[in-house]
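Fold and contact review
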Amino acid sequence: MSLLLFFGVQGYFLLYHMACAVGYEAFNQLLKSYASRYQGCLVTSEDFFGLFFETFPETRSAQFSPEALSKHWLCSGSVPLDINYLLSGNQLLDQALQHVEAWQAIDKVNLSNQRKRKKVNRASLKPWETVELLELPDQLVLLLEGLLDQRRLTHSTLQQLDRKYHFSIRNAEIRHRWCELTVKHR
């Protein structure tokens, strides 16, 4: 599964990736220089990349250039596969990914029941109730992003998700992802 990231978190991981390439102290100096040089100006990612590679020309390579960073980070909704090391060990992210897997399993059960056209006692079959509740908004967005990556989800799964998380009372970013998910899988 490719991990889709929402706006802000993907930028964080890009900056973290760049800081790992040059060291935190040097990267913090770059950020101070960036802030003083561009204070009050409208800037683009190209401006930041330009300053980065002007300051650290030794880091430039085919895989680590303004063009490559833009292509793999800014024009893509997922984390580049070669930097998944940035994500390992993040407990909150791991919980969200476990929930994506749990909901995929629930969807398989729902699909199986739908295909068999069983008369299922709906009161007794509620595996989604055993899934722990994700409380943090960022985790819910990651859950929805992970589910958006799925080829299909059943109508039953969507109903169960909404019963579990009450998306209509969540923040705008979560409601937006929920709308995307329901439109994709209607």
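In the block above lies the structure referred to throughout.
The paragraphs below set out a description of the structure included in this document. Just so it is clear, the model here is predicted, and its values are computed rather than measured.

Re the overall build of the protein chain
In terms of helices and strands, the protein chain carries 8 helices and 0 strands. Residues counted as buried form 39% of the 186 residues belonging to the protein chain. Surface summary for the protein chain: the accessible area is close to 11,300 Å², and the carbon and sulfur share equals 53%.

A closer look at the packing of helix H5 (residues 91–116) against helix H7 (residues 155–165)
Packing of H5 against H7 leaves a shortest axis separation of 9 Å and a crossing angle of 135°. Of the possible angle classes, the one that applies to H5 and H7 is oblique. Remark: the crossing between H5 and H7 carries right-handed chirality. Mapping the contact onto sequence places His99, Trp103, Ile106, Asp107 and Asn110 in H5 and Ser156, Thr157, Gln160, Leu161, Lys164 and Tyr165 in H7. Residues belonging to the contact of H5 with H7 are distributed by class as follows: 4 nonpolar, 5 polar and 2 charged.

Considering H5
Taking 1.5 Å of rise per residue, the 26 residues of H5 would be expected to cover 38 Å, and the 38 Å separating its terminal C-alpha atoms lies within 8% of that figure. Leu93, Ala96, His99, Val100, Trp103, Ile106, Asp107, Asn110, Leu111 and Asn113 are the residues of H5 that are buried. Buried residues belonging to H5 abut helix H6 (137–148) and H7.

Structural notes on the environment of Val22
Tracing the backbone shows Val22 in helix H1 (residues 9–22). For Val22, a relative accessible area of 18% translates into the label buried. The spacing of Val22 and Phe56 is 34 residues in sequence and 7.6 Å in space, taken between C-alpha atoms. Other than its neighbours up to four places away in sequence, Val22 contacts Phe27, Phe52, Phe56 and Thr59.

Remarks on the pattern of salt bridges
With the rule as written, the count across this model stands at 4 salt bridges. Linking Arg152 and Asp107 is a salt bridge whose minimum nitrogen-to-oxygen distance equals 2.1 Å. One end of the pair, Arg152, is in the loop between H6 and H7; the other, Asp107, is in helix H5, with 45 residues separating them in the sequence. In this structure Arg152 comes out as partly exposed when scored by relative accessible area, which is 30%. Among the salt bridges present, the one from Arg177 reaches Glu180, with a minimum N-O distance of 3.9 Å. Residue Arg177 and its partner Glu180 are both found in helix H8 (residues 172–184); the two are separated by 3 residues, about one turn of the helix. A relative accessible area of 34% means that Glu180 is categorised as partly exposed.

So, the nonpolar core
Ranked by size, the top nonpolar core spans 19 residues in total, and within it Trp103, Leu143, Leu147, Leu161, Tyr165 and Leu181 carry the most contacts. Secondary-structure elements contributing two or more residues to this core are H5, H6, H7 and H8. The element that contributes the greatest number of residues to this core is H6, accounting for 6 residues. If near-sequence neighbours (up to four positions away) are discounted, Leu161 is found in contact with Trp103, Leu143, Leu147, His166, Phe167, Trp178 and Leu181.

Quick notes on the packing of aromatic side chains
Enumeration over the complete set of coordinates arrives at 12 aromatic pairs. Between the aromatic rings of Phe52 and Phe56, the centroid separation amounts to 5.2 Å while the plane-to-plane angle is 55°, which identifies the pairing as tilted. A relative accessible area of 0% places Phe52 in the buried class. Owing to a relative accessible area of 8%, Phe56 belongs among the buried residues under this scheme. Judged by centre distance (5.8 Å) and plane angle (70°), the ring pair of Phe53 and Phe64 falls under edge-to-face.

The rules behind the values
Residues numbered from 1 in each chain as written. Predicted model: local features only at pLDDT ≥ 70, side-chain atom pairs only at ≥ 80, totals over all residues. Heavy atoms only, no water. Helix = DSSP H or I, 4+ residues; strand = E, 2+ residues; numbered from the N terminus. Buried < 20%, exposed > 50% of the residue type's maximum accessible area, 1.4 Å probe, protein only. Areas by Shrake-Rupley, 256 points an atom, 1.4 Å probe, with all protein chains shown as cover. Axes fitted to C-alpha atoms, helices over the stretch in contact; angles between N-to-C directions. Parallel < 35°, antiparallel > 145°, perpendicular 65-115°, else oblique. Left-handed = near helix turned anticlockwise from the far one by under 90°. Contact = heavy atoms within 4.5 Å. Nonpolar A, V, L, I, M, F, W, Y, C, P; charged D, E, K, R; others polar. Expected span 1.5 Å × (residues − 1). Salt bridge = Lys/Arg side-chain N within 4 Å of Asp/Glu carboxyl O. Core = buried A, V, L, I, M, F, W, Y, C linked by side-chain atoms within 4.5 Å. Phe/Tyr/Trp six-rings, centres within 6.5 Å; stacked < 30°, edge-to-face > 60°.

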